[in-house]
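Each chain, letter by letter, is given below.
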Amino acid sequence: DVLRGKPVPRTRPTASVVIISRNEGANLRRTVDHILRTTPRDVELIVVDDASTDDSAAFLNGGTDRVTLLRSQRQLGVANARNLGARTAKGDIIVLCDAHIAAADGWFAPLVDCLAAPAVGAVGPVLRAIGRPDVNVCGLAFIDDALNVAWLPRRAANPYPVPLLPGCVLAVRHDVFHGAGGFDDGMLGYGAEDLELCMRIWRMGLECLVVPASEVGHRFTPPNARGIDRELFVYNLL
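Read on for an overview of the structure. (Residues numbered from 1 in each chain as written. Predicted model: local features only at pLDDT ≥ 70, side-chain atom pairs only at ≥ 80, totals over all residues. Heavy atoms only, no water.)

Remarks on the overall build of the protein chain
When you go through the protein chain residue by residue, the secondary structure sums to 6 helices and 12 strands. Relative to the 2.2 N^0.38 estimate, which gives 18 Å for 238 residues, the radius of gyration of the protein chain is 17 Å and therefore close to what a compact globule would have. Among the 238 residues that make up the protein chain, the fraction classed as buried is 48%. Of the contacts made within the protein chain by residues no fewer than 6 positions apart, 74% connect residues no fewer than 24 positions apart. If you sum the accessible surface of the protein chain, you get close to 11800 Å²; carbon and sulfur atoms cover 54% of it. Across the protein chain, the mean location of the 25 positive side-chain charges is 5 Å away from that of the 27 negative side-chain charges. (Helix = DSSP H or I, 4+ residues; strand = E, 2+ residues; numbered from the N terminus. Rg over C-alpha atoms; globule rule 2.2 N^0.38 Å. Buried < 20%, exposed > 50% of the residue type's maximum accessible area, 1.4 Å probe, protein only. Contact = heavy atoms within 4.5 Å. Areas by Shrake-Rupley, 256 points an atom, 1.4 Å probe, with all protein chains shown as cover. Lys, Arg positive; Asp, Glu negative; His and termini not counted. Charge placed at Lys NZ, Arg CZ, Asp CG, Glu CD.)

Examining unusual backbone geometry
In this model, aspartate 55 sits at a positive phi of 60 degrees, which is unusual for a non-glycine residue. Along the chain, aspartate 55 turns up in the loop between β2 (44–50) and β3 (67–72). On the basis of relative accessible area, aspartate 55 is assigned to the exposed category, the value being 56%. Even without a glycine there, the phi angle at alanine 192 is positive, about 80 degrees. With respect to the secondary-structure elements, alanine 192 resides in the loop between α4 (174–179) and α5 (193–203). A relative accessible area of 10% means that alanine 192 is categorised as buried.

Some details on the nonpolar core
In globular proteins that are soluble, nonpolar side chains generally tend to be buried together. Counting 37 residues, the largest nonpolar core has Ile94, Leu165, Phe177 and Ile201 as the members making the most contacts within it. Every residue in contact with phenylalanine 177, bar those within four places of it in the chain, is listed here: Asn83, Ala86, Ile94, Leu96, Val172, Gly182, Phe183 and Leu197. Judged by nonpolar contacts, the second largest core, of 34 residues, contains Val17, Ile19, Leu28 and Leu209. (Core = buried A, V, L, I, M, F, W, Y, C linked by side-chain atoms within 4.5 Å.)

Points about the packing of aromatic side chains
Applying the stated criterion across every chain yields a total of 4 aromatic pairs. Measuring from ring centre to ring centre gives 5.4 Å for tryptophan 107 and phenylalanine 108, while their planes differ by 75 degrees; the resulting arrangement is edge-to-face. With 6.2 Å between their ring centres and 20 degrees between their planes, tyrosine 190 and phenylalanine 233 make a pair best called stacked. In this pair, tyrosine 190 is assigned in the loop between α4 and α5 and phenylalanine 233 in helix α6 (residues 230–237), connecting sequence segments 43 residues apart. (Phe/Tyr/Trp six-rings, centres within 6.5 Å; stacked < 30°, edge-to-face > 60°.)

Considerations on α5
Three or more residues of α5 are buried, namely Glu193, Asp194, Leu195, Leu197, Cys198 and Ile201. Among the residues trailing α5, glycine 205 stands out with phi positive, at a value near 85 degrees.

Concerning the pattern of salt bridges
Under the defined criterion, the tally for this structure stands at 12 salt bridges. Salt-bridge contacts for arginine 37 lead to aspartate 105; the nearest nitrogen and oxygen are separated by 2.8 Å. Placement of arginine 37 in helix α1 (residues 26–38) and of aspartate 105 in the loop between β5 (101–103) and α3 (108–114) is noted, with a sequence separation of 68 residues between them. The class of aspartate 105 is exposed, set by a relative accessible area of 62%. Connected through shared salt-bridge partners, Arg82, Asp98 and Glu193 make up one network. (Salt bridge = Lys/Arg side-chain N within 4 Å of Asp/Glu carboxyl O.)

Side note on α1
An ideal rise of 1.5 Å per residue puts 18 Å on 13 residues; α1 measures up with 19 Å between its terminal C-alpha atoms. Among the residues of α1, those classed as buried are Asn27, Leu28, Thr31, Val32, Ile35 and Thr38. What you see down the axis of α1 is that its buried residues fit within an arc of 150 degrees, all on one side. Taken together, the buried residues of α1 touch β1 (15–21), β2, β5 and α3. (Expected span 1.5 Å × (residues − 1). Arc of directions from axis to C-beta.)

Notes on the state of the cysteines
A complete count under the given rule lists 0 disulfides for this structure. A disulfide-free cysteine, cysteine 168 has its sulfur positioned 8.6 Å from the sulfur of cysteine 97, the nearest such atom. Not part of a disulfide, cysteine 208 finds its nearest cysteine sulfur in cysteine 198, a span of 4.2 Å. (Disulfide = S-S within 2.5 Å.)

This is the structure we're talking about:
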């Protein structure tokens, strides 16, 4: 067809969305509903319940035609829970999500389209703070040698590179994710696993981009309200 001058239709890549959840309560169901409503019907959804004690994933018992529920009997932590979901994912593209997001109509296709470029390794949307429509953030950057980070403002209308992408909504090609080794499985609890993965993707010669055409709401929680083990967080940074 190319030799005859006819356009060759591009096959849309398959995709899997991986949501990790630990004691998310009603947030999990709202997130699952948003994802199912705003993605094509052939997109696979994998929910990893990381040893929750609040029975928040009970509504998924038995699964559905689109949703697979994976339960861990012991707490894996963010990195290993995401790795578990990614190992199960069948899609050409893996979209990793927190269990407290609100995906707006039209958020999905721009991320998938951007990953078609071979030089792009990972992409993320503009994040809107749920309940604070005036707060929009676009990627992260280290701000000192203690590895503290700061959110970045929107800088352009088209996709553009940023130093770091947060794991709350992160899309990556299947081959890139596994070629990079996934998240560092030595990281425990919560913290820094997404930053470290982005650094490895950059070192592979690939870009991490924000895609402004994609917007997702995220429920930001103050660090002191998350029950984060500070020692494990520092361990991950080190």
